Amino acid sequence: MVRTAIPGPRGAALLASQSQRESNARAYPRNLPIAVARARGCFVEDVDGNVFVDFLSGAGVVSLGHSHPELVATAKAQLDEFVHGLDLPTEAKDEFVSAQLRMLPAGMRDHMRIQFCGPTGANAVDAAIKLCKTATGRGDVVVFSGAFHGSSTAALSMTGWVGQKERIANPMPGVHFFPYSYCARCPLSLDPDTCATNCVAVLENQLRDTHGGIATPAAVVLELVQGEGGVIPARPEFVTRIRELTRELDIPLVVDEVQTGCGRTGDWFAFERYGIEPDVVVASKALSGVGLPAAVIIYDERLDVWAPGAHSGTFRGNQLAFATGVEAIRIIERDGVLDDVRARGEQVRRRLSGLPARHRHVFDVRGTGLMWGIELADPRTGEPRGDLAREAQRRCLDRGLILETGGRAGAVLRLLPPLVVTEDVLDTALDIVEDALAAVTPDPTVKARIPLETTESVSAPPAAGPLLARAARMPSLRAKYGPATEWADVPVLSKDELNTAIEELLSGEPDGRGGAYVYASGGTISEPRLSLIPGDMFVPDILAHWQPLDPHDVVVNLFTPGRLWSAHYFYNAVAAASGAAVVPFGGLADDELDSWIDFFQAQGCTALAATPTTLKRLLLHLGHSGRTWPALRKLLWVGEKFDDATSALVAKHLPEAEVWGLYGSTETWVIGWNTPLCRPDTVHPLPYQYVELRDGAILITNTHERCVNPLLRYQVGDVGEFVDCPCGRPAAALRVLGRVDSYFKFLNQLISPEELVGLACGIDDVLDAQLALLAPGTTAERLVLNVRSTSDSRPGLPDRVRSHVLAGHLGLGYVVSDAPAAFEVGVVDELASNDRTAKTPLLVITR
Ligand SMILES: Cc1ncc(COP(=O)(O)O)c(C=O)c1O
């Protein structure tokens, strides 16, 4: 959805104009350099037509999303009636007060009063302090490190961020900072698991100590989740003890719910989650639900000692905000928005809780409801890494996600989506966040634990996070992959699971496919299955390493109907990208082959592109008809391992052809490439294909950011080894040795014993059958298929079985055509006992 560089040209012009005319204090445009044209729901469109998911929500203001249509209609209607009311009573205001009081816990409603303040959070914080000072006759205020209460002089005095206030002389006096329960960086260096919230003890000690230096304060002001301070939820015991202590010492407890209020944490106010009743609640941001300014303090009536006019202000009667505030509460109740906030919060927790294990620079992940923070730090020193957070923020912006940073050194990425964010949008945004983290945290997987005794890989394992996130989008995979946090714990994906996941992807939003092609593929040796391959088929990435064609080439693009269409489209794209001419071809019958080869030769075709299976068929035909195709200079294959027997046939029948290969399958797409200088069975993995060998079996994970399949540690079915390639490339190459399962190599050809025996049993008078491989690996290697018959008279049965099997098993037929004596069929009365029953019940290997 991001079409231009950020900022785009029109945005850049507005930003430039702004920088010349507005104060140097401007803040958000510095790290989020966009100029907004319009916004709706969770999305913001800039003046250049780029659309972003908005996880800033106007700093937590637009709780029901931008320009919620019902709220817009309510505001418009009110605009026609009455707008600015000072503190005169109106119906809109009366309903607003009723709605606000109704949202309080039952025990509080009857004894709380409301004061409307100037429209910002800081205005309300100021009001709360004035109220408490007046009511108690005291002058000091207790606040906490890391707090943010606003930018007015008084609120700033109560804010922890020293950089913001050190150049402002004469702040409000009598403000005392105490440690906050920031357990990830305990101010007392205690262990959160064993600590009994001792940081409250500091406050308690100071307040009770007659020589503690602080007079009993007018108020203790607390954020239950520090927002700007880095999304730090207070520890429950900390809050409870503060409430008890302030009661014991008769100090009004003010909770600043400017950011946490109005549903942000999944309760209307965060104090409800902590099971406390404060004396003063400060609220502002999301009161109107749609961004119209309003601020209130809601306080215990016993504090209501203000004289008439004690806290006045012009902008205290925003009727539009009152009307939409009432409507917002109605919508929140009607649509169960708070339940959704809790559910979405759990979604975030599930997705992000494993991050610190996966990224060594992720120091902590914390939050509640729809208020989350990811803190980045140097893994050795623990120093906050604001630079990484800003880089991740920028990457998110470039990928279409707006989010803010906060906390010490700005090292916390803060997620503050509208409360109405959907599961899908949240997932997409979290994907972007995870990708950004993977990109900015160098050496992301140092923490990963790989059991090296069984697994080896050609490169460092990829960050599991973004990949797991991909898998977690599929309900069928979520349960399996959700618990994994470290790479070594990521389970291997089975073919069935992949198929189910792809079905789920296909049944979802069309956009969810991310511009992919859908293929139904039978491959060469298995059941038909589906796959999704990115629309560009990674052609540019592959051609960065593998350039078999030049503009002089004329490519015959042969494909087997109904199989591996992906390969066919891929070659067309490769030819187009290389400037070569292409002759797309398919469905050739054997008896047409000769005349078509004549045609290709006459047309000056120089290259042939096919899958190994189709290629073998052609080679087989060339062998049968005893002809060669000397003008063919290049042979391109993509698919399963290219074996030695095929190489030998190429050398014999296509003597001038250089072989260029791509190893892979529709599920994994292209894993690696080779050139005529490499061994045909050895490939160089593409940089985004993470290759592991687990007990020899090849596992592939596609880490390309545009990979649509949830392809995680997918076992391709071949075994391999890492080798030095004769081409001399320094990095280890992957040599593909053969199948991991019961497929076996006979005269270097892949054979399925089950398939052969199945073919034999398909003949009417065959009861059962058994395959024996004799003298494997020697020049006397032979395959014997023994059958038992249903009848005693079995005239010509061995010949019938033989020709039926050879016709049905392409690979075997092709091998046997070169060595007819290598395959024989016998009829027996008893099948031999088989000691390899577990894996290949039908295969007996004897010497
Ligand atoms: C907890 C808290 N209190 C007060 C404020 C100040 O609100 P305003 O910027 O509307 O003055 C903020 C703003 O982010 C806040 O998060």
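Residues numbered from 1 in each chain as written. Predicted model: local features only at pLDDT ≥ 70, side-chain atom pairs only at ≥ 80, totals over all residues. Heavy atoms only, no water.

### Some words on the sheet that holds strand β15 (residues 401-402)
As summarised here, the arrangement of the four strands in space is β1-β2-β3-β15, forming an open sheet in which the pairing is mixed. Each edge of the sheet is formed by a strand with only one pairing partner; in this case those strands are β1 (36-40) and β15. Two elements, β1 and strand β2 (residues 43-46), share four bridges in a ladder whose sense is antiparallel. Bridged to A39 within β2 is V44. (Pairing = 2+ DSSP bridges. Helix = DSSP H or I, 4+ residues; strand = E, 2+ residues; numbered from the N terminus.)

### A short note on the nonpolar core
Ranked by internal contacts, the top residues of the largest apolar core, which has 90 residues, are F144, F238 and I374. In terms of residues, this core owes the most to one element, helix α17 (residues 423-440), which gives nine residues. Shared between two domains, this core takes at least three residues from each, and those domains are domain 1 (9-66 + 338-440) and domain 2 (82-329). With 88 residues, the next largest nonpolar core counts A471, L506, I542 and L588 among its residues. (Core = buried A, V, L, I, M, F, W, Y, C linked by side-chain atoms within 4.5 Å. Buried < 20%, exposed > 50% of the residue type's maximum accessible area, 1.4 Å probe, protein only. Domains from an automatic or database assignment.)

### Here we look at the pattern of salt bridges
Per the stated rule, a full pass over the model turns up 48 salt bridges. K634 is paired through a salt bridge with D553; the nearest N and O atoms lie 2.5 Å apart. Taken together, the positions of K634 in strand β24 (residues 634-639) and D553 in the loop between α21 (539-543) and β21 (554-559) put the pair 81 residues apart, joining distant regions of the chain. In this structure K634 comes out as buried when scored by relative accessible area, which is 6%. The exposure class assigned to D553 is buried, which follows from its relative accessible area of 1%. Salt bridges sharing partners connect three or more residues here, namely E70, E327, R330, R334 and D335. (Salt bridge = Lys/Arg side-chain N within 4 Å of Asp/Glu carboxyl O.)

### Re the pairing of strand β5 (residues 141-144)
Of the two faces of β5, both are covered, the one formed by V141 and V143 as well as the one formed by V142 and F144. Where β5 lies against strand β6 (residues 175-178), four bridges are found, and the strand directions are parallel. In the sheet register, V141 faces β6, and the bridge partner there is V175. As judged from the two bridges shared by β5 and strand β7 (residues 219-222), these two strands associate in the parallel manner.

### Looking at the side chain of T611
Positionally, T611 belongs in the loop between β23 (607-610) and α24 (612-625). A relative accessible area of 6% places T611 in the buried class. Looking at T611, its side chain comes within polar contact range of the side chain of T614, at 3.1 Å. (Polar contact = N/O pair within 3.5 Å; in protein donor to acceptor, adjacent residues only side chain to side chain.)

### Focus: the environment of Y569
By secondary structure assignment, the location of Y569 is in helix α22 (residues 565-578). For the pair Y569 and M537, spaced 32 residues apart in sequence, the C-alpha separation works out to 8.7 Å. Leave out the neighbours within four places in its chain, and Y569 touches Y519 and M537. (Contact = heavy atoms within 4.5 Å.)

### Quick notes on the packing of helix α26 (residues 753-761) against helix α27 (residues 797-808)
One can describe the packing of α26 onto α27 by two numbers: an axis separation of 9 Å at closest approach and a directional angle of 130 degrees. The orientation of α26 with respect to α27, classified from their angle, is oblique. Pair α26 / α27 crosses with right-handed handedness. Packed against α26, whose contacting residues are E755, L756, L759 and A760, the element α27 presents V801, H804, V805 and G808 at the interface. Across the contact of α26 with α27, the residue classes tally to five nonpolar, two polar and one charged. (Axes fitted to C-alpha atoms, helices over the stretch in contact; angles between N-to-C directions. Parallel < 35°, antiparallel > 145°, perpendicular 65-115°, else oblique. Left-handed = near helix turned anticlockwise from the far one by under 90°. Nonpolar A, V, L, I, M, F, W, Y, C, P; charged D, E, K, R; others polar.)

### A few points about the domain arrangement of the protein chain
Domain annotation of the protein chain identifies domain 1 (9-66 + 338-440), domain 2 (82-329), domain 3 (512-739) and domain 4 (744-846). Computed over C-alpha atoms only, the centres of domain 1 and domain 2 are separated by 25 Å. Each partner contributes to the interface: domain 1 provides 34 residues, whereas domain 2 provides 30 residues. Of the roughly 2500 Å² buried between domain 1 and domain 2 on both sides combined, carbon and sulfur atoms contribute 54%. Broken down residue by residue, the surface that domain 1 buries against domain 2 is led by M371, R408 and R414, which jointly contribute 26%. Where domain 1 meets domain 2, there are three salt bridges. (Buried area = accessible area lost by both parts, 1.4 Å probe.)

### Overview of the sheet that holds strand β13 (residues 362-368)
Ordered in space as β13-β14-β17-β16, the four strands form an open sheet in which the pairing is antiparallel. The open sheet terminates on both sides in strands that have one partner only, identified here as β13 and β16 (404-406). On average, each strand axis in the sheet is inclined to that of its neighbour by 25 degrees, with strand direction left out of account. The sheet contact formed by β16 and strand β17 (residues 412-415) spans three bridges and is antiparallel.

### Overview of the site of the ligand
What surrounds the ligand is the set T120, G121, A122, F148, H149, G150, E223, E228, D256, V258, Q259 and K285. In the model, an oxygen atom of the ligand is placed 2.8 Å from a nitrogen or oxygen of the G121 main chain. In this structure, Q259 approaches the ligand through a side-chain N or O atom, which is 2.9 Å from an oxygen atom. Contact with the protein chains covers 84% of the free accessible surface of the ligand, which is 390 Å². (Near = heavy atom within 4 Å. Areas by Shrake-Rupley, 256 points an atom, 1.4 Å probe, with all protein chains shown as cover.)

### Re the packing of aromatic side chains
For the structure on display, the rule yields 22 aromatic pairs. Here Y180 and F238 contribute two aromatic rings whose centre-to-centre distance is 5.5 Å and whose plane-to-plane angle is 75 degrees, an arrangement assigned as edge-to-face. Of this pair, Y180 sits in the loop between β6 and α10 (198-208) while F238 sits in helix α11 (residues 236-248), and the two are 58 residues apart along the sequence. Residue F238 is classed as buried on the basis of its relative accessible area, which comes to 0%. An aromatic cluster is built from F585, W596, F599, F600 and W629, whose rings are joined through pairwise contacts. (Phe/Tyr/Trp six-rings, centres within 6.5 Å; stacked < 30°, edge-to-face > 60°.)

### Some words on the state of the cysteines
Summed over all chains, the structure comprises zero disulfides. With no disulfide of its own, C725 lies closest to C727 among cysteine sulfurs, the gap being 3.7 Å. Accessibility expressed as a relative area gives 6% for C725, which makes it buried. (Disulfide = S-S within 2.5 Å.)

### Some thoughts on the environment of A13
If you trace the backbone, A13 turns up in helix α1 (residues 9-21). In this structure the C-alpha to C-alpha distance between A13 and L831, which are 818 residues apart in sequence, comes to 84 Å.

### Quick word on unusual backbone geometry
Residues I6 and P7 are joined by a peptide bond in cis, for which omega reads -5 degrees. Its place among the elements puts P7 in the segment before α1. In this structure, A59 takes a positive phi of about 60 degrees despite not being glycine. Structurally, A59 is set in helix α3 (residues 57-60). Even without a glycine there, the phi angle at N170 is positive, about 55 degrees. Relative to the assigned elements, N170 resides in the loop between α9 (162-165) and β6. N170 sits in the exposed class, given a relative accessible area of 72%.

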